[in-house]
Structures are given as structure tokens and as C-alpha cells.
Amino acid sequence: MAEKTLARGDAILARDGVIAGVAPRADLEKRAGAECETLDCGGRLVTPGLVDCHTHLIYGGSRADEYEMRLAGAAYMEIFEAGGGIHATVRDTRAASEDELVASARGRVEVLLSHGTTTAEVKSGYGLTTQEELKMLRAAARLAEELPLAVVPTFLGAHAIPPDYADRRGDFVALLTGEMIPAVAGAGLAEYADVFCDRGAFDLGETRAVLAAARDAGLKLRLHADEFEALGGTELAVELGAASVDHLAVVTDAGVKALASSDTVAVLLPGTTVFLGSSRFAPARPLIDAGALVAVASDHNPGSCHVASLRAILTPAATYLKMKPAEMLHAVTVNAAYSLGRADRIGSLEPGKAADVAVFDVGDVNELFYDWGPTRAWATVVGGVVVHRD
Ligand SMILES: [Zn+2]
């Protein structure tokens with residue numbers, strides 16, 4: 001079992017950005033040498049840096065007005081079908097320059113770092129043309145260069161059918177498979193490709209075509225599926241060897257079974273369920289009990305989950321998914337890292353992994369969940385360097 005937290009009295013020795021040892025402090029002090037910088041955590045909880053494996057951190061504009069509409073009774077998909085929702089963010093994102101996208105996302109990344117997140121997956125998907133999708137992915141690369149957050153970029157050109165393709169959906173799928181995917185893969189700007197497979201988004205046949213083209217272009221696969229309606233996306237993702245299937249609020253028993261017999265990670269996004277005012281949460285317990293790998297992510301996005309950070313949703317996530325604190329911590333560290341193909345490098349406190357660490361001003365893991373709200377980390381360390389300190 002990988003280390004989830006540091007034992008009391010233990011210390012971590014980092015060298016060249018990597019964990020060189022985890023042992024009682026006195027033992028490591030001898031190995032460290034006099035010139036070693038120290039951070040005394042004063043008995044606080046030390047965990048691996050949090051890994052947010054599903055975010056839409058880059059976008060233009062705000063959808064605060066839609067939140068009010070939803071509170072007044074409008075459904076998320078109604079707003080989308082009326083030209084709002086993702087379509088509104090696409091208009092605002094296209095209107096923003098690459099510099100503006102980087103500047104607005106920078107503030108969000110600073111929140112993530114101050115809340116203990118050290119790696120985040122970041123999706124495109126608000127451009128929906130080749131040039132605009134490339135612009136978003138370049139912005140993601142710049143964020144990773146300019147800030148200490150590790151970014152895993154995902155191409156989500158199949159996020160929505162643009163209104164001008166509504167009567168010729170096949171043409172948009174052809175644009176994705178024939179132009180966008182080759183351009184993105186050729187530019188080396190994405191590691192994963194993703195599709196929103198659901199009612200009102202992409203159907204199963206369209207999803208298969210996009211995922212197959214992405215896989216052929218050398219991209220690894222993720223999938224949004226079973227958020228509103230189960231179309232068979234989960235089973236398809238497992239069949240294609242996808243790294244993750246995300247949402248799963250309405251996953252079927254067959255989907256649970258398929259995930260349990262695979263290495264595809266079930267990424268649950270309970271912040272979205274809360275923010276949309278739904279009571280139908282992904283079946284975390286049946287998934288875990290069946291043997292599926294379960295991760296939890298923030299799904300930060302401008303419409304359905306405008307949450308400050310993964311840390312901020314840990315408590316409602318544990319409460320509604322009925323996951324124990326230790327299981328939840330696993331879900332937002334090592335399992336999330338596994339879903340991003342980085343379990344050998346991040347997600348636990350073990351020699352040889354990156355010295356990415358979060359320190360919280362609580363005494364133990366139970367208190368981390370008991371003490372809820374948008375609580376900042378006491379310190380965040382990336383590659384052995386303190387990047388945030390309260
Ligand atoms: Zn999403």
C-alpha cells in the first residue's frame with residue numbers, strides 16, 4: 001500500500017525535486033547535511049500533493065447568470081439547448097486572446113496551489129475549431145511553464161456540436177477526426193483526448209469514431225459518460241482501453257461491471273452533482289465494492305461546477321459518495337495519478353516520486369474531512385520547493 005500520509009515524527013528528504021527518503025526525522029537529518037533547507041510542519045497533516053484529474057480550468061467569461069437561472073428552475077441541458085451553457089463559454093473563449101486565457105486561468109491555478117493541488121489535468125473544449133482548440137492547448141502549456149502546477153493537457157474538441165453544425169453533425173465529427181485530432185497530436189499539445197458522450201452531446205457512434213481516431217493518432221483516451229443518460233459510453237471506453245471514464249452519475253450495473261474488470265479508472269465528480277442540485281450521485285460504494293479503481297476530481301468549469309479547488313469539495317464528496325476519509329484521500333492522490341498515467345511519479349510519498357506535498361493545518365486524515373470548506377493548505381511543496389505557505 002502506497003503511503004498516503006506521513007507518520008507522526010517522520011520527515012521527507014527531497015533531493016533534485018524527488019523524494020530521497022521517508023523516515024524518522026533524526027535519521028534523515030544525518031543524511032541531509034547542514035546545507036539542507038527544512039520546513040518544520042509542526043505536527044500538521046502531511047499528504048501527497050493533491051491530483052485533480054478532471055478540470056476545465058481554461059475559459060473565457062463567466063456563467064454566474066446561468067446559476068441564477070438554474071436556481072429559478074431551468075435545467076442545465078435546457079440552458080445548453082437554448083444556446084447558453086457550453087455554447088456561451090465557447091463564444092467568450094473565442095473572443096479572448098491566448099494571453100487573456102492564460103491571465104484568467106493563472107488566478108485559478110494560484111487557488112489550486114494554495115489549496116494543496118500540485119497536478120491538474122486541463123481540458124480544451126471551448127474552442128471547437130482547430131485554431132481555437134490549439135489556442136486553448138497552447139494556453140495550458142504556458143500555464144505549466146509559468147506556474148509550478150504540473151498540467152496534463154487533454155483535447156476535448158468533442159465537447160459539444162457547435163450550433164452551425166447542428167444540421168450536419170457528421171461534418172463536425174469529420175472535422176474532429178480528419179483535421180483537429182491530427183493537428184493537436186502533430187503539435188504535441190495534448191496527451192489525452194476526451195469526448196462528452198451523453199444526451200445532447202455526442203452519441204455512441206460519434207464517440208467511437210472520435211476516440212478511435214484519437215487513439216490512432218497516439219493520444220490516450222478519457223471519456224465524459226453517464227452524467228445525464230447512459231448511452232453505453234462506459235462500456236465503450238473500457239473496450240478501447242481508456243484511462244478513465246468520468247461522471248458516472250447514472251452508470252448502469254453493466255457499466256459498473258465493465259469498470260470493475262478493467263484498469264479504466266472511474267472518475268467521480270460529486271461537486272457537479274451538488275452544484276446542479278441533483279441528488280443522483282455516482283454509485284461510489286458499488287464501484288469500490290465491485291473492485292473498480294475510483295478517483296475523485298473537482299470538474300472545475302464555468303457552468304456546472306465553479307468550485308475553488310479539489311480541497312473545497314472533499315467533505316461533500318465523502319458525505320454524498322459515502323467514501324471513508326482514507327478512501328477519499330486515495331481517490332484524490334494515487335488513484336487520480338494512475339488515471340493520468342503518472343502513478344509511478346506522483347500520488348504517494350515514496351522514494352523516487354516527485355517531492356510534491358501538501359500540508360494541512362489539521363491533526364489527522366479524519367480532521368481533514370471534518371474541517372470543511374474552502375480551506376487553504378498550510379503549505380504546498382512542488383518538486384521539493386515550497387510554492388505556497390500560509
Ligand atoms: Zn468535465
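Below or above, wherever it landed, is the structure these notes cover. A quick note: this is a predicted structure, and the numbers were derived from the prediction, not measured.

Considering the overall build of the protein
- When you go through the protein residue by residue, the secondary structure sums to 16 helices and 14 strands.
- A compact globule built from 390 residues should have a C-alpha radius of gyration of about 21 Å, and the protein, at 20 Å, falls within 12% of that.
- When the backbone C-alpha atoms are referred to their principal axes, the protein occupies close to 70 × 40 × 40 Å.
- Here the protein holds 390 residues, and 56% of them are scored as buried.
- Across the protein, every contact between residues at least 6 apart in sequence was considered, and the portion connecting residues at least 24 apart equals 71%.
- Looking at the protein as shown, the accessible area adds up to about 15,200 Å², and 52% of this sits on carbon and sulfur atoms.
- Within the protein, one finds 35 positive and 53 negative side-chain charges whose respective centroids are separated by 3 Å.

A closer look at the coordination of the zinc ion
- Each protein donor to the zinc ion is listed here as H54 (NE2), H56 (NE2), H224 (NE2) and D299 (OD); together their distances run 2.0 to 2.8 Å.
- Seen from the zinc ion, its 4 donor atoms lie at angles of 77 to 164°, and the figure they make is irregular.
- When the donors of the zinc ion are listed by position in the chain, the intervening gaps give H-x1-H-x167-H-x74-D. Taken together, the residues span a long stretch of sequence, with H56 in the loop between β4 (50-52) and α2 (64-71) and D299 in the loop between β11 (294-296) and α13 (310-321) at a distance of 243 residues.
- What makes H56 buried here is its relative accessible area of 3%.
- By relative accessible area, which is 2% here, D299 ends up buried.

Remarks on the packing of aromatic side chains
- For the structure shown, the criterion picks out 6 aromatic pairs.
- Judged by centre distance (5.8 Å) and plane angle (20°), the ring pair of Y76 and F228 falls under stacked. Of the two residues, Y76 is situated in helix α3 (residues 76-81) and F228 in the loop between β8 (220-225) and α9 (233-239); the sequence distance between them amounts to 152 residues.
- Residue F228 is classed as partly exposed on the basis of its relative accessible area, which comes to 24%.
- With a centroid separation of 6.4 Å and 35° between ring planes, the pair formed by F172 and F202 is classed as tilted. Separated by 30 residues along the polypeptide, F172 in helix α7 (residues 169-187) and F202 in the loop between β7 (192-197) and α8 (204-216) bring together distant segments of the chain.
- The exposure class assigned to F172 is buried, which follows from its relative accessible area of 0%.
- Among the aromatic residues, those joined into a ring-pair cluster are Y165, F172 and F202.

Comments concerning the packing of helix α6 (residues 130-146) against α7
- Remark: α6 packs on α7, axes separated minimally by 10 Å, with the N-to-C direction vectors making an angle of 30°. With respect to each other, α6 and α7 are oriented roughly parallel. The two elements α6 and α7 cross, and the hand of that crossing is right-handed. Between α6, through T130, E133, L134 and L137, and α7, the contact on the second element is made entirely by E179, M180, A183, V184 and A187.

A few points about the pattern of salt bridges
- Counted according to the given criterion, the structure contains 25 salt bridges.
- With a shortest N-O distance of 3.3 Å, K220 and E191 are connected by a salt bridge. Pair noted here: K220 is in strand β8 and E191 is in the loop between α7 and β7, with a separation of 29 residues, a long-range link.
- Here K220 falls in the partly exposed class, since its relative accessible area comes to 38%.
- Note on E191: relative accessible area 22%, which makes it partly exposed.
- R208 serves as the salt-bridge partner of E239, at 3.0 Å between the closest nitrogen and oxygen. Residue E239 is found in helix α9, and its partner R208 is found in helix α8; the two are separated by 31 residues along the sequence.

Concerning the environment of A193
- You can see A193 is positioned in strand β7.
- Exposure remark for A193: the relative accessible area of 3% places this residue in the buried category.
- Residues A193 and A212, spaced 19 residues apart in sequence, show a C-alpha to C-alpha distance of 10 Å.
- Setting aside chain neighbours within four positions, we find A193 in contact with T154, F155, L211, A214, L219, K220, L221 and R222.

What about the packing of α7 against α8?
- The contact between α7 and α8 brings their axes to 9 Å, and the two run at 10°. Between α7 and α8, the crossing angle belongs to the class labelled roughly parallel. The segment α7 lies against α8, with R169, V173, L176, T177 and I181 engaging E206, A209, V210, A213 and A214.
- Here the contact of α7 with α8 is built from residues that sort into 7 nonpolar, 1 polar and 2 charged.

Basis of the calculations
- In this numbering scheme, every chain counts its residues from 1 along its sequence in written order.
- Selection of residues for local features in this predicted model requires a pLDDT of at least 70, selection of side-chain atom pairs for listing and counting requires 80 or more, and totals for whole chains, interfaces and linings are taken over all residues.
- Working from all heavy atoms in the structure, the side-chain values ignore hydrogens and water.
- Helix and strand assignments follow DSSP, with helices taken as H or I runs no shorter than four residues and strands as E runs no shorter than two, numbered in order from the N terminus.
- Throughout, radius of gyration means the C-alpha value; the globule benchmark is 2.2 Å times the number of residues raised to the power 0.38.
- Residue burial is assigned from relative accessible area. The probe radius is 1.4 Å, only protein chains are included, and a residue is buried under 20% of its type maximum, exposed over 50%, and partly exposed in between.
- Residues are treated as being in contact if the distance between any of their heavy atoms lies within 4.5 Å.
- We get accessible surface area from the Shrake-Rupley algorithm with a probe of 1.4 Å; when it comes to residues, only the shown protein chains can shield them.
- We count Lys and Arg on the positive side and Asp and Glu on the negative side, and we leave His and both chain ends out.
- To locate a charge, take NZ of a lysine, CZ of an arginine, CG of an aspartate or CD of a glutamate.
- Distances define the donors: N, O and S atoms within 2.8 Å of the metal qualify, as do those within 3.2 Å of Na, K or Ca. Water is excluded, so some sites may look unfinished.
- Irregular is the label for any site that misses the other tests, which are tetrahedral for four donors with all angles between 85 and 135 degrees, and square planar for four donors or octahedral for six when opposite donors exceed 155 degrees and the remaining angles lie between 65 and 115.
- Centres within 6.5 Å are what make two rings of Phe, Tyr or Trp a pair, Trp counting through its six-membered ring; a difference in plane orientation under 30 degrees is then read as stacked, over 60 as edge-to-face, and the rest as tilted.
- Fitted lines through C-alpha atoms serve as axes, helices being fitted only where they are in contact, and the angles separating the N-to-C directions of these axes extend from 0 to 180 degrees.
- Oblique is the label for any angle not under 35 degrees, not over 145, and not in the 65 to 115 range, which are roughly parallel, roughly antiparallel and roughly perpendicular in turn.
- Two helices that cross are described as forming a left-handed crossing if the nearer one is turned anticlockwise from the farther one by less than a right angle, and a right-handed crossing if clockwise.
- Salt bridges, as used here, are contacts in which a Lys or Arg side-chain nitrogen is within 4 Å of a carboxyl oxygen on Asp or Glu.
- Residues are grouped as follows: Ala, Val, Leu, Ile, Met, Phe, Trp, Tyr, Cys and Pro are nonpolar; Asp, Glu, Lys and Arg are charged; all remaining types, including Gly, are polar.

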